[in-house]
Amino acid sequence: MISKKSIEDVEVEGKKILMRSDFNVPLESGRVRDDTRIKAAVPTIQSLINRGARVVLASHLGRPGGEPKPELKMNPVADRLALILGRPVHKIDSVAGPEVNKKVVEMQEGEVLILENLRFEKGEEKNDPQFARLLAEPFDLFVNDAFGTAHRAHASTAGVASFLPAVAGLLMKKEIEELSRCLNDPARPLTAIIGGAKVSGKINVIRRFLDLADNLLLGGGMANTFLVADGFTLGDSFYEEEMVEEAADLLDESEESGCCLLLPVDLAVTKELKTGSSFKNLSPEEVEEGGKAVDIGPETVALFGDIIADAAMIVWNGPMGVFEVPPFDSGTAGVAAAIAGSEAYSVVGGGDLVAALEGLGLTEKINFISTGGGATLEFWEGKELPGIAVLQDK
Ligand code: ADP
Ligand code: MG
């Protein structure tokens, strides 16, 4: 069980704090299009300010690849954060070095400063110790609140902790708590739902839930790979040839596990994947040459729905179909509706799935939505995330 110190466990008054946030937000014409991630950082920032700390925020934005890119400066983030906080947020055009050191020393208690895009510096993604030392230099404490990048060992997520005491922010703390629920003594029956495109990126998480869960429901493109492993041909559907053998092994293993693994019993099959295109709901053996299985069908939604209705806890990663192309969002919507109608405690993670649920307006009834994609998967796999490992133990 992971038990890390958070900002609630340490003295912060008067301290100069380097806070790593995930402000990797979508931009549009130089402005922030979606400020969900900025808002998610506010409780930690507010708590630190209220307790008299000097807060200096650092994040990456986009993929500048180790050099300055004017269109990826943090200015739009600073502007939006100032609006949300209702107080000035100072912005500096460098990431680390004498200019930053000077500015930090001059800061008053309760002031907020945001550094330039961390990935303008080559040392960031390389986790260069010299850069990490420079980044840490003017500070007394490191607060990591960027769960979404915690699976990366970068200077600002892991390296700085060699030079500063490190604790979790409130968002990080909440992510650890919520994502741990299904790993440590979950409410049962525990039902795991896994979808998305590829088996390859999620094989470890599938194995983990085969171990942990009472039910494992598979959908999306990855279910195609399992159906092929089960002997179906599936026409021109997407699947991963190189993962078929491993999927077959996993199906065998599932027979001896205490977990009930379910694959789709029907699929939405289309000849052409485009918005509004016609399709048929077919059982796996009915899919013919030229047909593409792009969503789970209504019988599968009903079957999964029955299991969901009986669950006490649900974890879900990855959409059930090509949700970007309606009507092939209906399997994902159907599963979300079943979760909304169940009494189970639900935890959802995965960049595309969360985007799908937001688009469908179905996020309200989910108990916890993780801000991580890859980080959430690695956490559930049971891997040690570098950005969490460096935090002080409780
Ligand atoms: P997440 O980000 O939620 O973990 P993934 O990145 O694994 O999810 O997968 C999301 C992608 O999977 C989406 O782009 C979606 O279009 C695709 N996908 C889902 N079902 C299918 C399918 N049956 N065939 C092809 N692609 C699919
Ligand atoms: Mg994805």
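Residues numbered from 1 in each chain as written. Chains lettered and ligands numbered in written order. Predicted model: local features only at pLDDT ≥ 70, side-chain atom pairs only at ≥ 80, totals over all residues. Heavy atoms only, no water.

Q: I tried to follow the pairing of strand β1 (residues 16–20) on my own but got confused; where do I start?
A: A regular strand carries its side chains on alternate faces of the sheet. The buried count for β1 comes to 4 of 5 residues, which makes it a mostly enclosed element. With 4 bridges connecting them, β1 and strand β7 (residues 141–144) associate as parallel partners. Within the sheet, the bridge partner assigned to Leu18 lies in β7 and is Phe142. (Buried < 20%, exposed > 50% of the residue type's maximum accessible area, 1.4 Å probe, protein only. Helix = DSSP H or I, 4+ residues; strand = E, 2+ residues; numbered from the N terminus. Pairing = 2+ DSSP bridges.)

Q: Before we go on, may I ask you to explain the pattern of salt bridges in this structure?
A: Oppositely charged side chains may form a pair once their charged atoms are brought near each other. Throughout the structure, instances matching the rule amount to 21 salt bridges. Put simply, Arg37 and Asp22 hold a salt bridge, and the shortest N to O gap is 3.6 Å. In this pair, Arg37 sits in helix α1 (residues 36–50) while Asp22 sits in the loop between β1 and β2 (27–28), placing the two residues 15 residues apart along the sequence. Residue Asp22 is classed as buried on the basis of its relative accessible area of 11%. A salt bridge links Arg33 to Glu28; the shortest N-O distance between them is 3.4 Å. Residue class for Arg33 comes out exposed when judged on its relative accessible area of 52%. When its relative accessible area of 48% is taken as the criterion, Glu28 is described as partly exposed. (Salt bridge = Lys/Arg side-chain N within 4 Å of Asp/Glu carboxyl O.)

Q: Looking at this structure, how should I read the site of ligand 1?
A: Inspection of the region around ligand 1 gives 20 residues, with Lys202, Gly221, Glu324, Asp352 and Leu353 positioned closest. Separating a nitrogen atom of ligand 1 from a backbone N or O atom of Gly221 is a distance of 3.0 Å. In this structure, an oxygen atom belonging to ligand 1 sits 2.5 Å away from a side-chain N or O atom of Glu324. For ligand 1, the protein covers 81% of the area, taking 590 Å² as the surface of the free molecule. Going through the elements one at a time, α8 (220–229), β14 (292–296) and α12 (351–360) are the ones with two or more residues in the shell around ligand 1. Looking at the shell around ligand 1 residue by residue, the class counts come to 8 nonpolar, 9 polar and 3 charged. (Near = heavy atom within 4 Å. Polar contact = N/O pair within 3.5 Å; in protein donor to acceptor, adjacent residues only side chain to side chain. Areas by Shrake-Rupley, 256 points an atom, 1.4 Å probe, with all protein chains shown as cover. Nonpolar A, V, L, I, M, F, W, Y, C, P; charged D, E, K, R; others polar.)

Q: I tried to follow empty space enclosed by the protein on my own but got confused; where do I start?
A: For the structure shown, the criterion picks out 1 cavity of 30 Å³ or more. In this structure, the largest cavity occupies an estimated 70 Å³ of space. In this structure, the largest cavity is lined by Ser21, Asp22, Arg37, Ala40, Ala41, Asp145, Ala146, Phe147, Gly148, Leu171 and Thr371. When residues in the lining of the largest cavity are grouped by element, the largest group, 3 residues, is from α1. In the lining of the largest cavity, the residues fall into 5 nonpolar, 3 polar and 3 charged. (1 Å grid on protein atoms, 1.4 Å probe; cavity = no way out; pocket = protein on both sides within 12 Å on 5 of 7 lines; lining within 4 Å. Points joined across faces, edges and corners; volume = space filled by probe spheres on them.)

Q: Just checking my understanding: could you explain the nonpolar core for this structure?
A: Across soluble globular proteins, nonpolar side chains show a tendency to be buried alongside one another. Membership of the largest hydrophobic core comes to 74 residues, with the highest contact counts inside it found for Phe209, Leu216 and Trp380. Broken down by element, this core gets its largest block of residues, 6 residues, from helix α7 (residues 203–212). Excluding anything up to four places from it in sequence, Leu216 contacts Ala192, Ile194, Ile206, Phe209, Leu210, Cys259, Cys260, Leu261 and Leu262. By size, the runner-up hydrophobic cluster in this structure holds 31 residues, among which are Ile49, Val77, Val89 and Leu141. (Core = buried A, V, L, I, M, F, W, Y, C linked by side-chain atoms within 4.5 Å. Contact = heavy atoms within 4.5 Å.)

Q: Teacher, can you tell me more about the domain arrangement of the protein here?
A: The figure often quoted for interface size is the accessible area lost as the parts come together. Per the domain assignment, the segments of the protein are domain 1 (7–172) and domain 2 (186–379). Averaged C-alpha coordinates put domain 1 and domain 2 at centres separated by 36 Å. Counting residues at the interface gives 5 residues for domain 1, matched by 8 residues for domain 2. Between domain 1 and domain 2 the total buried area reaches about 600 Å² when both faces are included, carbon and sulfur atoms providing 62% of it. On the domain 1 side of the contact with domain 2, Phe147, His151 and Leu171 bury the most area, a combined 69% of that side's loss. (Domains from an automatic or database assignment. Buried area = accessible area lost by both parts, 1.4 Å probe.)

Q: Just checking my understanding: could you explain the state of the cysteines for this structure?
A: Each disulfide consists of a covalent bond between the sulfur atoms of two cysteine residues. Summed over the entire model, instances satisfying the criterion amount to 0 disulfides. Cys260 supplies the cysteine sulfur nearest to Cys259, a cysteine that is in no disulfide, at a spacing of 6.8 Å. Note on Cys259: relative accessible area 5%, which makes it buried. Owing to a relative accessible area of 34%, Cys260 belongs among the partly exposed residues under this scheme. (Disulfide = S-S within 2.5 Å.)

Q: I would appreciate a short explanation of the sheet that holds β14 in the present structure.
A: The pairing of strands in a sheet happens through backbone hydrogen bonds and is either parallel or antiparallel. Reading across from one edge, β13-β12-β14 is the order of the 3 strands in this open sheet, with antiparallel pairing throughout. Two strands lie at the open edges of the sheet, namely β13 (280–282) and β14, each paired on one side alone. Direction aside, the axes of adjacent strands within the sheet are offset by 40° on average. Pairing of strand β12 (residues 267–270) with β13, which is carried by 3 bridges, proceeds in the antiparallel orientation. Residue pairing for β13: Ala268 is matched across the bridge by Asn281. (Axes fitted to C-alpha atoms, helices over the stretch in contact; angles between N-to-C directions.)

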